[in-house]
Amino acid sequence: MSFPVQRPRRLRQDSRLRKMIRQISVEPQQLIYPLFVVEDLEKPREIAAMPGQMHWPVSRIHEPVAAAMKNGVEAFILFGVPSAKNPDGSCAARPDSVVCEAIRNIRQHCSEAYIITDVCLCAYTTHGHCGVLGACGCVDNDSSLALLANMALAHVKAGADMVAPSDMMDGRVGAIRRLLDAEGFSQVPIMAYSAKYASSFYGPFREAAGSAPGKGDRRGYQMDFAVGRDAMTELQLDLEEGADILMVKPGIAYLDILAEARRQFSCPLAVYQVSGEYSMIKAAAEKGWVDERLVALESLIAMRRAGADLILTYFAPQVAQWLKEEKK
Ligand code: PBG
């Protein structure tokens with residue numbers, strides 16, 4: 001059967017019918033809002049490369065949390081920007097680290113917030129790599145594992161609800177799971193940045209987190225975007241090591257990976273709409289070239305359609321606000 005019997009447009013003529021047959025939506029409770037907390041900062045300061053996103057002092061980190069929660073966003077992922085770094089990034093595991101202090105502050109003011117922490121050494125090492133450097137000057141996988149696990153444990157002890165390792169060392173999910181279990185935290189879930197690509201879309205984030213590598217790049221541990229076939233292996237390994245939620249990152253340019261992951265895995269999947277994706281929409285919208293709201297929502301719907309259960313996005317509070325307005 002074909003035209004004129006088949007007319008796909010019949011289903012598109014009436015807005016009530018379009019609403020009835022819409023499959024995909026995005027809801028505030030599916031969003032995770034990334035926040036940057038900066039040690040020794042006096043007042044909030046806008047991140048130049050990410051309009052609308054702020055560096056927050058520890059003492060005021062509960063403010064964006066409380067504001068987002070009013071609109072239904074309940075999950076947050078914290079990135080710490082410490083004042084002092086050290087060669088092996090072991091300062092990341094201090095019980096008084098900037099992230100631990102932030103967790104305690106949020107708990108005190110917004111006890112219901114779901115607090116996730118990013119676990120990675122790049123903002124804490126003097127060289128800016130995500131693991132420690134070995135004798136060869138390259139990132140040494142196995143000696144990084146205990147440091148990452150200690151960092152995760154410190155966050156959980158401070159009250160984090162979930163940890164999210166983003167370093168891409170092999171075996172880090174297992175190392176974190178074992179240490180958390182041994183310390184009595186077997187109920188704390190791990191969201192693994194599993195298929196994380198060496199992407200230039202992270203540019204604005206590295207300014208925000210002060211975490212650009214001094215020498216070299218991250219292609220020795222993050223994945224090559226010109227290869228597609230190792231993504232399912234990475235996801236599978238993290239699942240076997242004890243990850244509860246698997247993440248694909250970045251978002252919009254990696255929806256093929258996300259869709260394939262959806263076909264192969266039944267656990268919850270997350271996708272990260274990263275800093276570059278956010279800043280590109282912001283910049284084009286500022287110039288009047290695209291409609292910020294429509295482009296942001298379309299991107300998030302596309303991620304949901306590809307199979308994401310959860311989306312990490314800098315638009316989270318804004319999207320929640322837009323959705324609320326639409327419902328009115
Ligand atoms: C830490 C980390 C990065 C991002 C999340 N965790 C940066 C990187 O890997 O260089 C990027 C997030 C973003 O761009 O919004 N390793």
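The shown structure was predicted, so the numbers you read here are calculated from the model rather than taken from an experiment.

Engineer: Hey, could you run me through the site of the ligand in this one?
Structural biologist: Lining the immediate environment of the ligand, one finds 17 residues, of which Lys-196, Arg-206, Lys-249, Ser-275 and Tyr-314 sit closest. Between an oxygen atom of the ligand and a side-chain N or O atom of Lys-196, the distance comes to 2.7 Å. In this structure, an oxygen atom belonging to the ligand sits 2.9 Å away from a side-chain N or O atom of Arg-218. Protein burial of the ligand: of its 390 Å² of free accessible surface, 100% is covered by the chains. Residue classes in the shell around the ligand are distributed as nine nonpolar, three polar and five charged.

Engineer: Explain the side chain of Gln-30 here, please?
Structural biologist: In this fold, Gln-30 is placed in the loop between helix 1 (15-21) and strand 1 (31-38). Looking at Gln-30, its side chain comes within polar contact range of the main-chain nitrogen of Glu-27, at 2.7 Å. Engagement of the side chain of Gln-30 in a polar contact is seen with the side chain of Arg-304, the distance being 3.5 Å. Apart from the residues within four sequence positions on either side, Gln-30 is in contact with Ser-25, Arg-304, Asp-309, Leu-310 and Ile-311.

Engineer: Can you walk me through helix 5 (residues 172-182) in this structure?
Structural biologist: Within helix 5 the residues assigned to the buried category are Arg-172, Val-173, Gly-174, Ala-175, Ile-176, Arg-177 and Leu-180. Those residues of helix 5 that are buried lie in contact with strand 5 (114-119), helix 4 (141-158), strand 8 (162-165), strand 9 (191-196) and helix 7 (231-241). Just downstream of helix 5, Gly-184 is the residue with a positive phi angle, here 90°.

Engineer: Sorry if this is basic, but what is going on with the nonpolar core here?
Structural biologist: If you look at soluble globular proteins, the nonpolar side chains tend to sit buried side by side. Among the nonpolar cores identified, the biggest contains 112 residues, and Phe-36, Leu-78 and Met-191 are the most heavily contacted of them. Among the elements that line this core, the one with the most residues is helix 4, at 10 residues. Not counting residues up to four positions away in its chain, the partners in contact with Met-191 are Ile-32, Ile-116, Met-162, Val-163, Ala-164, Pro-165, Ile-245, Met-247, Ala-270 and Leu-312.

Engineer: Explain the packing of helix 7 against helix 8 (residues 255-264) here, please?
Structural biologist: Each pair of packed helices gets described by two things: the angle between the helix axes and the distance between those axes. Put simply, helix 7 and helix 8 touch, their axes get as near as 10 Å, and they point 50° apart. It follows from the interaxial angle that helix 7 and helix 8 lie oblique. The handedness of the crossing between helix 7 and helix 8 is right-handed. Within the contact between the two elements, helix 7 uses Ala-231, Met-232 and Leu-235 and helix 8 uses Ile-257, Glu-260, Ala-261 and Gln-264. Of the residues belonging to the contact of helix 7 with helix 8, the class tally is five nonpolar, one polar and one charged.

Rules of the game
Residues numbered from 1 in each chain as written. Predicted model: local features only at pLDDT ≥ 70, side-chain atom pairs only at ≥ 80, totals over all residues. Heavy atoms only, no water. Near = heavy atom within 4 Å. Polar contact = N/O pair within 3.5 Å; in protein donor to acceptor, adjacent residues only side chain to side chain. Areas by Shrake-Rupley, 256 points an atom, 1.4 Å probe, with all protein chains shown as cover. Nonpolar A, V, L, I, M, F, W, Y, C, P; charged D, E, K, R; others polar. Helix = DSSP H or I, 4+ residues; strand = E, 2+ residues; numbered from the N terminus. Contact = heavy atoms within 4.5 Å. Buried < 20%, exposed > 50% of the residue type's maximum accessible area, 1.4 Å probe, protein only. Core = buried A, V, L, I, M, F, W, Y, C linked by side-chain atoms within 4.5 Å. Axes fitted to C-alpha atoms, helices over the stretch in contact; angles between N-to-C directions. Parallel < 35°, antiparallel > 145°, perpendicular 65-115°, else oblique. Left-handed = near helix turned anticlockwise from the far one by under 90°.

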